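Tertiary structure, described
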Amino acid sequence: MLKAVILIGGPQKGTRFRPLSLDTPKPLFPIAGLPLIQHHIEACAKLEACKEILIIGSYTTNHMQQFVTDMAKEYHVIIRYLQEFTPLGTGGGLYHFRDQVRAGNPSAFFLLNGDVCADFPLKDLWQFHDERPNALVTIMGTEATRQQSVHYGCMVREGATKSVTHYVEKPNSYVSTLINCGVYVCSLQVFHTMADAFQKKQDGFYSGNGNGTPHPGYMSWEQDVLAPLAGTNKLYAMQVTNWWSQVKTAGSAIYANRHYLELHRERATDQPPCTILPDVFLHPTAIVEPTAVIGPNVSIGAGVTIKAGVRIKESIVLNNATINEHALVMHAVVGQEASVGEWSRVEGTPSDPDPNKPFAKMDNTPLFNTDGRLNPSITILGAGVIVPAETILLNSIVLPHKHLTRSFKHEIIL
């Protein structure tokens, strides 16, 4: 029997995902028609041996309860949400709920970060881990460019055994192009290692050397557990070539949307009501005029109204939004219940990985460059935003419930 644990953080995290996370918790933001972590749940539920999925985070239970109930019904697997009383870090929450993870004595458990998107090869990862009896943790790894690798956890592997000999989280200088994907298989014995790390944290905290640690139970999975395990023949890495990306910014949601749509082509709507350029997810309750042209790489949520002559590409349109006649939406996210006026143009700049560099990942650039100007990015309309007719909105971010009166370029509208 196997279990899975999905770490989703809390409202204090994911600030780069604002304003999209102001009204929807980031783990529930829809990508390719499904909430972000539903893709994780689906991958886990496909494994017959996986009998329980635990979601750990510091969002309040009322944010998550309905979602958890719906998922348990849909996938016929036990799913529980465990709320941290205070943010405990990537390792602290897991250690705090160790008894729930160990209950039923599973052979091992998957550990997945909630902010990654991937074609999750969980069966292969489990097989790789199972073939190495002394493995406590197996990391799913992928290759990045030399310049980008320093923004991730970097690993050095022993060639024959694939044992990790060195692990550094976000190093100051180049270590390796093999990076940590935030997807793991762990044996239950890892909790003994975590107990030692926890004791060290406690001793440091109460002897006055907390070094700014917010809580004695706070623990980093990467720095307090993985780094000390490197070189002990208990930490292994399986390198994959499957698609993988982090979802840190709204731009990365558009990129992930494209790949998930490709992976789930079989879900495409039968006999679409308008011209579709694949891949597109169209919710059955969306109302679309026949003269609209949608695609490629577009997700349309529930209750959306798309009127005559509309053109949408490389975008996500959230529930109950309205796109009026002859409007154009490109490289953008249109928030819930937002409205785009007729003949308006809502356009952003794609922030895709460099196609000329093999293994390039998303550059999750900050909002502003060193001159204090807004970096080009996708355009985001927060929930309830109203864009009037014949307006241009270019590379801009509009916070929820704004009623615009003119065109904007390269601005954040507060």
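Attention here is on the structure that accompanies the text. This one's a predicted model, so the numbers in the text were calculated from it and none came from an experiment.

1. Some details on the pairing of strand β5 (residues 78-83)
As defined by bridge partners, strand β4 (residues 50-57) adjoins β5 across six bridges and the pair is classed as parallel. Paired with Leu 54 across the bridge in β5 is Arg 80. With helix α2 (residues 61-75) bridging β4 and the parallel β5, this β-α-β connection has right-handed handedness.

2. Things to note about the sheet that holds strand β25 (residues 339-340)
Ordered in space as β16-β19-β22-β25-β28, the five strands form an open sheet in which the pairing is parallel. The sheet terminates laterally at β16 (287-288) and β28 (386-387), the two strands that pair on one side only. Pairing of strand β19 (residues 305-306) with strand β22 (residues 322-323), which is carried by two bridges, proceeds in the parallel orientation. What sits directly across from Ile 306, in β22, is Ile 323.

3. Considering the environment of His 63
Its place among the elements puts His 63 in helix α2. Sequence separation between His 63 and Phe 97 is 34 residues; the distance between their C-alpha atoms is 20 Å. Setting aside its immediate chain neighbours within four residues, His 63 contacts Pro 25 and Leu 28.

4. Quick notes on the pattern of salt bridges
Applying the stated criterion across every chain yields a total of eight salt bridges. The salt bridge involving Asp 279 is made with Arg 265; its shortest N-O contact spans 2.7 Å. One end of the pair, Asp 279, is in the loop between β14 (275-276) and β15 (280-282); the other, Arg 265, is in the loop between α9 (250-263) and β14, with 14 residues separating them in the sequence. In this structure, Arg 345 engages Glu 347 in a salt bridge whose closest nitrogen and oxygen atoms are separated by 2.8 Å. Relative accessible area serves as the criterion here: at 16%, Glu 347 is assigned to the buried category. The network of salt bridges with shared partners includes Lys 3, Glu 52 and Arg 80.

5. Notes on the packing of helix α3 (residues 89-96) against helix α7 (residues 190-206)
To characterise two packed helices, one gives the angle between the axes of the helices and the distance between these axes. Two numbers describe how α3 lies on α7: the axes approach to 11 Å, and their chain directions differ by 115°. Crossing handedness for the pair α3 and α7: left-handed. Along the contact surface, α3 presents Gly 91, Leu 94 and Tyr 95, while α7 presents Phe 191, Met 194, Ala 195 and Phe 198. Looking at the contact of α3 with α7, its residues break down into six nonpolar, one polar and no charged.

Conventions adopted
Residues numbered from 1 in each chain as written. Predicted model: local features only at pLDDT ≥ 70, side-chain atom pairs only at ≥ 80, totals over all residues. Heavy atoms only, no water. Pairing = 2+ DSSP bridges. Helix = DSSP H or I, 4+ residues; strand = E, 2+ residues; numbered from the N terminus. Right-handed = clockwise from strand over helix to strand, strands pointing away. Contact = heavy atoms within 4.5 Å. Salt bridge = Lys/Arg side-chain N within 4 Å of Asp/Glu carboxyl O. Buried < 20%, exposed > 50% of the residue type's maximum accessible area, 1.4 Å probe, protein only. Axes fitted to C-alpha atoms, helices over the stretch in contact; angles between N-to-C directions. Left-handed = near helix turned anticlockwise from the far one by under 90°. Nonpolar A, V, L, I, M, F, W, Y, C, P; charged D, E, K, R; others polar.

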